[in-house]
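Chain by chain, the residues run as shown.
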Amino acid sequence: MKAVLLRDVTPAKQVHLEEVEIPPVRNGWVLVKVKAFGMNHSEQILRLSEIKADYIQKPIIPGIECVGEIADASDSDFKIGQKVVALMAGMGRNFNGSYAEYALLPTSNVFVINSELPWNQLGAIPETYFTAWGSLFDSLRLSVKDTLLIRGATSSLGYAALQLAKALGCKVIATTHKKEKLPLLAAADEAIVDTGVLGGIYALNGFDPIKEIPNGVYLTGFFSNYPTQAAITAIFDFIKLHQLKPAMGKSFTFADIQEACQALDEGQVQGKIVVTI
């Protein structure tokens, strides 16, 4: 099969496809024929710096999410040809990920989906919409009566959160760090210019939660490493019910993976970058 393998720090211009063996199946894992995968800043961090860490076994195939079909169900209850999504749980870091024609993945993080959306649109959903869904509904307990502020709303996560909240019926205020991007937030009830943070910053210096958070206001977070079949089913049911078209910035073919990585590194695309195989 063709795959991207990382051995050391790899700028986008050095990313290329290699021929490797299709991984043999083993108990507790299934082989997925990858049809599409979304690209994430997480993979950019791995490729440009984290790859040097001792805990990353090299070479590694990156990619924390994918959509595809079961090619070998091993000892699981999955069926060959079943349409699935897979994400997180160390995918693309602790074991080989989705930048490949086939991915051997733990059954615990592979989920059946029922959708007629094309593969490139499906590829925009797993990690981004799961994070948006968990943040809005599991953490914030968002309801139709709420007003939601989305900072950095022109990121792929921001677009997904905006889409979900508006479908629910909420009032949404969205921010972007560049005035020229305001037209991209036409779906929001109000769009304003504000400085956002998209990765690379892991602490807010001088932040005192007791003094900074007013009474009656709470701070919460969402860690997307533990998806469930129930959550994935709920997301796809919601998308189908509201006839949503997943927010996708641009689609590339696998043969153009270098160009896709360049677009990610240079921030050329507004929204989710998807690669189809």
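Everything numeric here is computed off the predicted structure, so don't read it as measured data. (Residues numbered from 1 in each chain as written. Predicted model: local features only at pLDDT ≥ 70, side-chain atom pairs only at ≥ 80, totals over all residues. Heavy atoms only, no water.)

Details of the pattern of salt bridges
And then number 1: Summed over the entire model, instances satisfying the criterion amount to seven salt bridges.
And then number 2: With a shortest N-O distance of 2.8 Å, R7 and E18 are connected by a salt bridge. Remark: E18 occurs in strand β2 (residues 18-19) and R7 occurs in the loop between β1 (2-3) and β2; sequence separation between them is eleven residues.
And then number 3: Exposure remark for R7: the relative accessible area of 47% places this residue in the partly exposed category.
And then number 4: Where E50 meets R93, a salt bridge forms, and the shortest distance between an N and an O atom there is 2.7 Å. Of the two residues, E50 sits in the loop between α1 (41-48) and β4 (65-72) while R93 sits in the loop between β5 (83-87) and β6 (102-106), which places them 43 residues apart along the sequence. (Salt bridge = Lys/Arg side-chain N within 4 Å of Asp/Glu carboxyl O. Helix = DSSP H or I, 4+ residues; strand = E, 2+ residues; numbered from the N terminus. Buried < 20%, exposed > 50% of the residue type's maximum accessible area, 1.4 Å probe, protein only.)

Focus on the pairing of strand β12 (residues 272-276)
And then number 1: For β12, the tally of buried residues reaches four of five residues, placing the bulk of the element in the interior.
And then number 2: Here five bridges tie strand β11 (residues 248-253) to β12, and the two strands are oriented parallel to one another. Of the residues in β12, the one forming a bridge with K250 is I273.
And then number 3: Regarding topology, helix α7 (residues 257-266) serves as the crossover connection from β11 to the parallel β12, and that connection is right-handed. (Pairing = 2+ DSSP bridges. Right-handed = clockwise from strand over helix to strand, strands pointing away.)

With respect to the pairing of strand β9 (residues 171-176)
And then number 1: Counting buried positions over the six residues of β9 gives five, a clear majority of the element.
And then number 2: Where strand β8 (residues 147-150) lies against β9, four bridges are found, and the strand directions are parallel. Bridged to T147 within β9 is K171.
And then number 3: Between the parallel pair β8 and β9, the chain is carried across by helix α4 (residues 156-168), and the sense of this crossover is right-handed.

Points about the sheet that holds strand β10 (residues 190-193)
And then number 1: As summarised here, the arrangement of the three strands in space is β8-β9-β10, forming an open sheet in which the pairing is parallel. Two strands in the sheet have a free side with no partner beyond their single neighbour: β8 and β10. Ignoring which end each strand starts from, the neighbouring axes of this sheet average 20° apart.
And then number 2: Where β9 lies against β10, four bridges are found, and the strand directions are parallel. Within β10, the position partnered with A174 by the bridge is A191.
And then number 3: Contacts from α4 reach β8 and β9 within the one sheet, and its direction differs from that of β8 by about 170°. (Axes fitted to C-alpha atoms, helices over the stretch in contact; angles between N-to-C directions. Contact = heavy atoms within 4.5 Å.)

Here's the deal with helix α3 (residues 126-139)
And then number 1: Spanning 14 residues, α3 covers 18 Å between terminal C-alpha atoms, matching the ideal 20 Å at 1.5 Å per step.
And then number 2: Looking at α3, one finds that the buried residues are P126, E127, T128, Y129, F130, T131, A132, W133, G134, L136, F137 and S139.
And then number 3: Where α3 terminates, the next one or two residues include R141, which has phi positive at roughly 55°. (Expected span 1.5 Å × (residues − 1).)

Things to note about the nonpolar core
Nonpolar side chains in soluble globular proteins generally cluster together in the buried interior.
And then number 1: The biggest cluster of nonpolar side chains holds 45 residues, and the ones touching the most others in it are F37, M39, L105 and I257.
And then number 2: By size, the runner-up hydrophobic cluster in this structure holds 41 residues, among which are L87, C170, V172 and V274. (Core = buried A, V, L, I, M, F, W, Y, C linked by side-chain atoms within 4.5 Å.)

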